[in-house]
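Observations on chain architecture
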Amino acid sequence: MKESTKRVIIILGALLAIVVCCLLLNLRQTVNFSKKYEGVDLTTDAEGVGREGTYMKYQTAHKEAARPQNDVDVDIFSYLNGEEVETYTNYAGVDQALYTGASSSVTWEVNIPQAGLYNILLEYIPVESRGVAIERSFYINDALPFDDAANIAFYRTWMDGGEKRVDNQGNEFRPVQVENYDWDSTYCRDDMGYVVEPFQFYFEKGLNTITMVGVNEPMVLKKVSITAVKEKVTYQEYIQNQPTVTQTADGLNYLRTVQGEESSLRSESSLYAKYDRSSPTTYPNSVTKTLLNYVGGDSWKTSGQWIEWNIEVPEDGYYNIMIKGRQNYTRGSVSSRTVHIDGEILFDELKEISFAYANDWECKTLSDENEDPFKFYLTKGTHTLRLEATLGDMGQILEELEDSTFRLNQMYRELLVYIGSTPDKYRDYHIDQMYPQMIDAMSLESKRLFKLVDDVVSVTGQKADKIASAQTLAQQLERFTKKPEKITIEFTTFKDNITALGTAILNMSETKMDVDYLVVSGTDAKVEKDKANGFAKAWHEIKSFFASFVVDYNSVGDVYDDKNGDGTIKVWVLTGRDQGTILKSMVDDTFIPNSGIGVNVEIVTGDALLTAVLAGRGPDVVLSVGADQPINYALRGAAEDLTQFTDLDQVLKSYNASSYAQYELEGGLYALPETQTFNVMFYRKDVLNELELEVPNTWQDVIEILPTIQGNNMSIGIPTAAGSNSIATPSTAVASTQPDLSMYFSLLFQNGGDLYNEAGTATTVDKEAGIEAFSDYTKYFTDYGIPMIYDFVSRFRSGEMPIGIVSYATYNTLMVSAPEIKGLWDFTLIPGTEQVDESGKTYIDRSDFVTGSATMMIKQNNDKKKQNAWEFMKWWASADSQVRFGREIEALLGSSARYATANYDAFTRLAWSARDIEILSEQWQWTKGIREVPGGYYTGRHITNAIRKVLNEQTDPRETILDYRIKIDDEIIKKREEFGLPIDR
C-alpha cells in the first residue's frame, strides 16, 4: 500500500473517531437522570438537615392561601410606635412624607379585608448619604415571615453628571455619575434575583401589624401599600385591550436609533457608558481612539440591575422595538432581561428576553415564539424603556442549589465532628450505624442534585461545565449511600466539591450582557441588522494591529508638553489601567481647572520605577508604592521630605498617625498614606450558636473556647508566619500565601512593646514584652493546635473555621463569593489583652498592626515642579478626591474592590453600612504602624525564621528570639553605617 494511501486512511480514521466522540459527548449531554428521582418527594428535608425560614418553605406553607385582588393603603403617618422617624411637610414635591432613619423602627396597623398573599409596595426617595443601597427588615404581626425579609434592599438611581469629555488626543471619557434624587416605587423583592416575582406576604383577615426596621441608610416614604398579586397578561390579551388607531406614513415608517451609551437612568453607578474596539460593527467605532459606544459589560451581571433609555415616537400608534445586544461572556448560558415600558411589564412575554452566547452582536427584534414582532402601543411623545437583568427560569434552580449547598455543609460539619478533617482511611467508622439519618439525607440530596442538573439542561439546552460540580456531588453522594465506607476515603474531595458547587452557583447567577443601541420603528419600517462579514472582521483586525504601533497606551487622557517649563508634572500609577483612567478623569475635570497645573498620568509596572529614577527619567509623583519603598528611596536621596511644606499638618489631620508611621525617618516624612489594611475578627453566628459559645473578647476567651471548637473538629484561624491569606510585614501588605506577621505585631503592641527602640537603631524584641508576645504567639500553634496553613474563605464558608482573624477587606470577598451564608456571619474587633492603666483600672488593649501603600514625591531639582507636585499630592490625599476615587473604582470593579483608603474622613463616606463603619472605626483607633528603618527588611525575615524554628524544631521561644535579635541588630547597624546615620542606642 502506498504511503499516501496510508496517510489518507489514518486521517479518515481520525476524523471518524472525532465524529464518534462528538456523538458520544452529545449523548452524554442529553442524558437525563429522571429515573433516579422519579416518585421521590424532594420538597421535604431529611431529619436534622435543612434550613428553616426560607422563602420557598414559606410559600409551600401558604400554597393554598388565596390571592385577593384588593389593594390596601397603609396610613404611614398613623403609626403605633416609631423610633428615629419624623413627618416632613412640603418635601420633594409632596405635601407630607415620612422620614425613617438608618436605625429606625416603625409599626403600622392595617385592616386586611380578606386573608391571603399580598405584595408590599413602597414609594420612597433616598436621602443623600454614602451611595449604598437602603436596607429594611419587615415583620408581619411581630414575626419575621422568612429569612430574606430581614434584608430587603431598595436601590438608588444614577445618571450622568454632565456631558462626556473629549481629551486633546480625541479620546472620550464618561461623565461623572451622580445620584438622581426622585421618587421611586418598588416592591419588596429578592435582591439575589433567585425569586423573580416580588415577595408575597401572608396576612390574616382583620387587623395586622407591619413593622419596618432600618438596617442601613435613611429613606423618606410617600406611600406604603399592601397590593394584590398581579395576574399574568399574555401578549394576545394585551393587544386586545389596546385602542384601534390609524397611523400616518410618518408613524408607520418611523425609525429612531437610541445609542446604548446614552441611557438616561441606571440602578447602579457602575452601569455607565464604555468603549469597545473588538467588533467593526460597534457604533461609533475607532481603532485608535477611545469612543464611548456601548453600555453593560462585566458590571451588568446581577439580577435586578437595570438600565433605562428615553425613546420618542411622533404619534399615537403601534411600534416595534429592536435591541442590538451581545453575550460573549459565558458559553452554554443565556443572559436574560426583563423589558419595562414606562415602568411596567406590559405582558408576560416581556419578563424574559434572552440572548444566547455569541462572539458578535445580535440584533434581536422583540418577538413571539413564531418570530412575529411584538406591537407596542405608544402615545405621542417620550417614553422610557428599561432593561432589567433577570435570572428567569434559572432563579428558582439557583435558589435550590444554594439551599442544597447549605445542607451539604451541614452534613460535612456533622461528619467532621465524628471523623475529623483527615479521617483514617483504614478504619471503619460505621457511619451508617452511627448516623443512619445522615445516609438518608445524602440519598435524598443526591436525587435533588440529579433533578437540578436536568432542570439546568432543560433551561440552557446543554449540560454546561458550570453544572458539572452538581452532577459530581450527586454521583458522590450516591456512592456514599451505597457504600458508606467511601465517605472517609473521599471526605476531603467531598468538601472540595461542595466549595466548587458554591463557586458554580455564583458563576451561573451572573447574567452579563452588552447593548450597542436600540431601535424603535413603525410597523412598516425596514430595520437594518448589523452583521460583520469575514472581510470586515479581517480588515478591522489589520487596522487594530497597525494602530498598536502608533497609539501610546501608557498615557491616559490629556497629554501636556513641558518644553516651555510650565511646571507640568508626571504621575505614575502602579496599580492598573482602570485606576489610572479614573485618576486621569478626576485630574482633568477637577485638579487641572482649579490649579492650572498640567498633569500627565502614565500607567506602569512597579519594577520600572527604580530603573527610571536611576536613569533620571522617572515620574514626579508615584502612586500606590509599597510601604517599604519611601524610606528606601529617602535613604538614597531619591525621595522628597514632605516636612518642608508648611501645610503638611493640615493634610495629615484626616489621617491616623499609625497610617504614616512607616514613612517617617529621622524626623522626616517621605510619603503620604494612600491605603491601609488591618485585621478584624470574622465569626459564624450560626455555628457559635450551635456550639453555645460567645464571641471571644480577649485572647484568654479564645483559649477557653478552643477545646469546644476543636472538640468538634473545627478550628480558629489567625495569621501565621508559615503562610496564610496575606503578607503583613513591616515592609509589605499584599494578598498572597506568604508569611503574615500581623498577629505577632498586634500581640507585641498589646503587651506594651514595640519593634524598635525610639532611635530606630536596634530591635526591642528581646525586651520582656517582645519575648512574652513571641512566646504567646507561637503557643497558639505549638500548644493549642491552631492550623498554620489554611484557606480561610473556604473553611469559613463550610463552617469548619467559625472564627478567623484576617484583613477587613475579606468582608467584601465574603459578600460577593459566599451568598449561601448571607446573614449567618459578622465581624467585630480582634481579641485584646487585659491591661491595667495608671489609675489601676482594667481595660482591654486591642492594638492592631496596620500597613498599606503610599504616594511618594521623587526628588526634585526644579522648585516649581516641586511645589506643583505637592499641590497634586494634597489634592489626591483630600477626602473629596479619595471618596470619588473609591466610589468610582467600586462602581467599575464591584464591591469586592472596595477602596481601602487611609483617609479616615473619606472612609466614613464610602459604601460601608453604618454598623460596619462603627466597628471598623473603633478598630481603626487601635491601629499601630511600624517604622521602616535601615536594614528593616531583616527584621520581618528573621522573626519569620524564629517562628518557623520554634514551630518546626520545638526550640525554646525565649532563646530562639534572643538569637535572631542579634542578627537583626547587626544588619541594622551595618545599614546605618552605610548611610552615615548614628548607631548609638
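Preceding block: the structure.
Definitions and cut-offs
Residues numbered from 1 in each chain as written. Predicted model: local features only at pLDDT ≥ 70, side-chain atom pairs only at ≥ 80, totals over all residues. Heavy atoms only, no water. Helix = DSSP H or I, 4+ residues; strand = E, 2+ residues; numbered from the N terminus. Rg over C-alpha atoms; globule rule 2.2 N^0.38 Å. Buried < 20%, exposed > 50% of the residue type's maximum accessible area, 1.4 Å probe, protein only. Contact = heavy atoms within 4.5 Å. Areas by Shrake-Rupley, 256 points an atom, 1.4 Å probe, with all protein chains shown as cover. Salt bridge = Lys/Arg side-chain N within 4 Å of Asp/Glu carboxyl O. 1 Å grid on protein atoms, 1.4 Å probe; cavity = no way out; pocket = protein on both sides within 12 Å on 5 of 7 lines; lining within 4 Å. Points joined across faces, edges and corners; volume = space filled by probe spheres on them. Nonpolar A, V, L, I, M, F, W, Y, C, P; charged D, E, K, R; others polar. Phe/Tyr/Trp six-rings, centres within 6.5 Å; stacked < 30°, edge-to-face > 60°. Axes fitted to C-alpha atoms, helices over the stretch in contact; angles between N-to-C directions. Parallel < 35°, antiparallel > 145°, perpendicular 65-115°, else oblique. Left-handed = near helix turned anticlockwise from the far one by under 90°. Expected span 1.5 Å × (residues − 1). Pairing = 2+ DSSP bridges. Core = buried A, V, L, I, M, F, W, Y, C linked by side-chain atoms within 4.5 Å.

Topic: the overall build of the protein
From N to C terminus, the protein includes 29 helices and 40 strands. Over its C-alpha atoms the protein spans a radius of gyration of 32 Å, differing by no more than 12% from the 30 Å that the globule rule assigns to 985 residues. Here the C-alpha coordinates of the protein stretch approximately 100 × 95 × 85 Å along the principal axes. Buried residues in the protein amount to 55% of all 985 residues. Partitioning the intrachain contacts of the protein with sequence separation of at least 6 by distance along the chain shows that 78% fall at a separation of at least 24. Total accessible area on the protein is roughly 43,000 Å²; 48% of this is exposed by carbon and sulfur atoms.

Quick word on the pattern of salt bridges
Taken as a whole and assessed by the stated rule, the structure comprises 42 salt bridges. Across the pair D589 and R884 runs a salt bridge whose closest N-O atoms are separated by 2.8 Å. One end of the pair, D589, is in helix α13 (residues 577-595); the other, R884, is in helix α25 (residues 879-893), with 295 residues separating them in the sequence. Among the ionic pairs, K874 bridges to E871, the shortest N-O distance being 3.3 Å. Of this pair, K874 and E871 both sit in helix α24 (residues 863-877), 3 residues apart, which is roughly one turn of the helix.

Remarks on empty space enclosed by the protein
All told, the structure shown has 4 cavities of 30 Å³ or more when counted by the stated rule. Put simply, the largest cavity is a space of about 170 Å³. As for the largest cavity, its lining consists of 16 residues, and the residues nearest its centre are S333, V334, M394, T460 and M508. Elements supplying a minimum of two residues to the lining of the largest cavity: β21 (334-341) and α8 (436-460). Among the residues forming the lining of the largest cavity, the class breakdown is 7 nonpolar, 6 polar and 3 charged.

Structural notes on unusual backbone geometry
The phi dihedral of N90 is positive, around 50°, even though this residue is not glycine. Tracing the backbone shows N90 in strand β2 (residues 81-91). Unusually for a residue other than glycine, S624 sits at a positive phi of about 65°. Along the chain, the position of S624 falls in strand β30 (residues 621-626).

Quick word on the packing of aromatic side chains
Applying the stated criterion across every chain, the model contains 56 aromatic pairs. Centre to centre, the rings of Y88 and Y91 are 5.1 Å apart; their planes meet at 45°, and the pair counts as tilted. The class for Y88 is partly exposed, based on a relative accessible area of 23%. When the ring of Y235 is compared with that of F374, the centres are 4.7 Å apart and the planes differ by 55°; the resulting orientation is tilted. Of the two residues, Y235 sits in helix α4 (residues 235-240) while F374 sits in the loop between β23 (362-365) and β24 (376-378), which places them 139 residues apart along the sequence. Assessed through its relative accessible area of 1%, F374 is described here as buried.

Observations regarding the packing of α8 against helix α9 (residues 468-482)
Direction vectors running N to C along α8 and α9 enclose 150°, while the axes themselves pass 8 Å from each other. Judged on the interaxial angle alone, α9 and α8 are roughly antiparallel. In the crossing of α8 with α9, the sense of the turn from one axis to the other is left-handed. Across from I439, M442, S443, E445, S446, L449, F450 and V453 in α8, the residues of α9 making contact are A470, Q471, L473, A474, Q475, L477, E478, F480 and T481.

So, the environment of F146
Secondary-structure assignment places F146 in the loop between β5 (134-140) and β6 (152-154). It is 57 Å that separates the C-alpha atoms of F146 and N757, two residues lying 611 residues apart in sequence.

So, helix α11 (residues 491-508)
For α11, built from 18 residues, the straight-helix expectation of 26 Å at 1.5 Å per residue is met to within 8% by its first-to-last C-alpha distance of 26 Å. Buried within α11 we find F491, F494, K495, N497, I498, L501, G502, A504, I505, L506 and M508. At its buried positions, α11 is contacted by α6 (394-419), α8, α9, α10 (486-489), α22 (792-798) and α23 (810-817).

Considerations on the pairing of strand β33 (residues 672-684)
Burial of β33 is extensive: 12 of the 13 residues sit out of reach of the surface. Taken together, the 6 bridges between β33 and strand β39 (residues 848-857) define a ladder with antiparallel strand orientation. The residue of β39 that forms the bridge with F678 is V850. Sheet analysis places β33 next to strand β35 (residues 803-807), joined by 5 bridges and oriented antiparallel. Residue pairing for β35: V680 is matched across the bridge by V806.

Remarks on the nonpolar core
Residues L401, L449 and I718 are the most contacted members of the largest nonpolar core, which totals 91 residues. Each residue touching L401, except ones within four places of it in the same chain, is listed here: L449, L452, I467, A470, L501, I505 and M508. Judged by nonpolar contacts, the second largest core, of 58 residues, contains I592, V622, L652 and M857.

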